[in-house]
Amino acid sequence: MRPLAPEFYARPVLEVARELIGCSVCHDRVSGVIVETEAYHDSEPACHAFVGLTPRTEPLFGEPGRAYVYRSYGIHAMLNAVCEPPGIGAAVLIRALQPCAGLEQMRARRTGPGGRVPADGELCSGPGKLTQALAIELSDNRTSLSSGPVRIHARTAEWRDPAIRTGVRIGISRAVELPWRFWLAENRHVSRPRP
DNA sequence: CATGGGATTGACT
DNA sequence: GTCAATCCCATGC
């Protein structure tokens with residue numbers, strides 16, 4: 001199984017967001033199939049890159065096919081795939097995975113201090129959950145998704161032609177009307193099945 | 001240099 | 001349904 005090449009990401013971010021559904025994220029032999037994504041583009045105010053080129057947003061304007069990882073609410077790491085040619089600030093947020101390999105490691109990493117072990121459907125059903133389950137951290141920011149520690153692989157035959165739903169993005173306060181969220185229909189690992 | 005606001009989650013009422 | 005945890009960094013004085 002080969003990782004997606006950088007050229008895959010050097011296209012309109014909405015296309016990439018849709019086509020990443022069914023692909024898989026792998027880190028350290030722990031992996032899952034992408035079942036939910038959101039697109040962000042510097043032309044709209046929900047995107048970090050909307051403010052222009054700053055130290056924080058520099059990866060978004062850089063090479064497509066790299067990871068953009070940032071900390072959210074002081075707690076969670078968010079994994080994005082940088083898209084479009086350099087100079088355009090755009091990325092796909094990976095919001096949920098269907099666990100594929102390394103389920104035991106995921107459970108261990110996602111088990112809280114209380115000792116409560118999440119069910120399979122809760123292991124990676126959110127952007128903060130999946131980075132915790134795969135141990136993706138801020139240090140993975142800017143690394144290549146084709147040749148770095150975190151890799152994204154093309155759809156296997158099993159995931160060819162997935163049934164994709166679209167809706168508005170979650171958790172944002174601006175550009176709330178854009179239907180730039182994509183998820184796999186009827187999949188229980190999606191963070192919020194209903195729009 | 002001080003401030004404020006998150007692309008969230010889990011615990012609790 | 002409400003709410004706090006907690007850190008990076010953009011913004012403004």
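Residues numbered from 1 in each chain as written. Chains lettered and ligands numbered in written order. Predicted model: local features only at pLDDT ≥ 70, side-chain atom pairs only at ≥ 80, totals over all residues. Heavy atoms only, no water.

Draft legend 1. Region of the structure containing helix α5 (residues 127-134). Within α5, six of the eight residues are buried, leaving the element largely enclosed by the surrounding structure. Where α5 is concerned, the buried positions are P127, G128, L130, T131, A133 and L134. Among the structural elements, β1 (24-27), β2 (30-41), β4 (76-82), β5 (90-101), α3 (103-110) and α4 (120-123) are those in contact with the buried residues of α5. One or two steps after α5, the chain reaches A135, where phi turns positive at roughly 60°. (Buried < 20%, exposed > 50% of the residue type's maximum accessible area, 1.4 Å probe, protein only. Helix = DSSP H or I, 4+ residues; strand = E, 2+ residues; numbered from the N terminus. Contact = heavy atoms within 4.5 Å.)

Draft legend 2. A look at the packing of aromatic side chains. Summed over all chains, the structure comprises two aromatic pairs. A ring pair is formed by F8 and Y9, whose centres lie 5.3 Å apart and whose planes are at 80°; its orientation type is edge-to-face. For F8, a relative accessible area of 16% puts it in the buried group. Between Y68 and Y70, the ring centres sit 5.4 Å apart and the planes meet at 25°, which makes this aromatic pair stacked. (Phe/Tyr/Trp six-rings, centres within 6.5 Å; stacked < 30°, edge-to-face > 60°.)

Draft legend 3. Structural detail: the side chain of T131. Relative to the assigned elements, T131 resides in helix α5. In this structure the side chain of T131 is engaged in a polar contact, spanning 2.8 Å, whose partner is the backbone oxygen of A77. Ignoring sequence-local partners within four residues, the contact set of T131 consists of A77, M78, L79 and I136. (Polar contact = N/O pair within 3.5 Å; in protein donor to acceptor, adjacent residues only side chain to side chain.)

Draft legend 4. Representation of the pairing of β2 within the structure. Where burial is concerned, most of β2 is hidden: twelve out of the twelve residues are buried. Taken together, the four bridges between β1 and β2 define a ladder with antiparallel strand orientation. Looking across to β2, one finds that V25 is bridged to G32. As consecutive antiparallel partners, β1 and β2 are separated by two residues, and within that stretch D28 has a phi angle of approximately 60°, a positive value. Strand direction decides the pairing type here: β2 and β5, joined by ten bridges, are antiparallel. Bridge pairing in β5 links S31 to A101. (Pairing = 2+ DSSP bridges.)

Draft legend 5. Inspection of unusual backbone geometry at higher detail. One non-glycine residue, R29, lies in the positive phi region at around 70°. In this structure, R29 sits in the loop between β1 and β2. R29 sits in the exposed class, given a relative accessible area of 77%. Notably, A135 is not glycine yet its phi reads approximately 60°, a positive angle.

Draft legend 6. The protein's contact with DNA strand B, seen in detail. Close contacts around DNA strand B come from 20 residues, with Y70, N80, R110, G126 and G171 the closest. For DNA strand B, the fraction of atoms within 4 Å of the protein that belong to sugar or phosphate moieties is 52%. Within the side chain of H48, a nitrogen or oxygen atom sits 3.2 Å from a base nitrogen of DNA strand B. Backbone polar atom of G128 to a phosphate oxygen of DNA strand B: 3.0 Å apart, as the coordinates give it. For the surface near DNA strand B, the elements supplying multiple residues, two or more each, are β3 (67-72), β4, β5 and α5. Classifying every residue of the surface near DNA strand B by side-chain character gives nine nonpolar, eight polar and three charged. (Near = heavy atom within 4 Å. Nonpolar A, V, L, I, M, F, W, Y, C, P; charged D, E, K, R; others polar.)

Draft legend 7. Local environment of the packing of α3 against α5. Closest axis-to-axis distance for the α3/α5 pair is 8 Å, and the angle between their directions is 115°. If you check the angle between α3 and α5, you find them roughly perpendicular. Viewed along their axes, α3 and α5 form a crossing whose handedness is right-handed. In contact with M106, R109 and R110 of α3, α5 contributes K129, Q132, A133 and L134. (Axes fitted to C-alpha atoms, helices over the stretch in contact; angles between N-to-C directions. Parallel < 35°, antiparallel > 145°, perpendicular 65-115°, else oblique. Left-handed = near helix turned anticlockwise from the far one by under 90°.)

Draft legend 8. Main features of the protein's contact with DNA strand C. Around DNA strand C sit V51, T54, P55, R56, R71, Y73, G74, I75 and L138, and those are all the residues in its vicinity. Between DNA strand C and Y73, the relevant distance is 2.2 Å, taken from a base oxygen to a main-chain nitrogen or oxygen of the residue. The class makeup of the residues in the surface near DNA strand C is five nonpolar, two polar and two charged.

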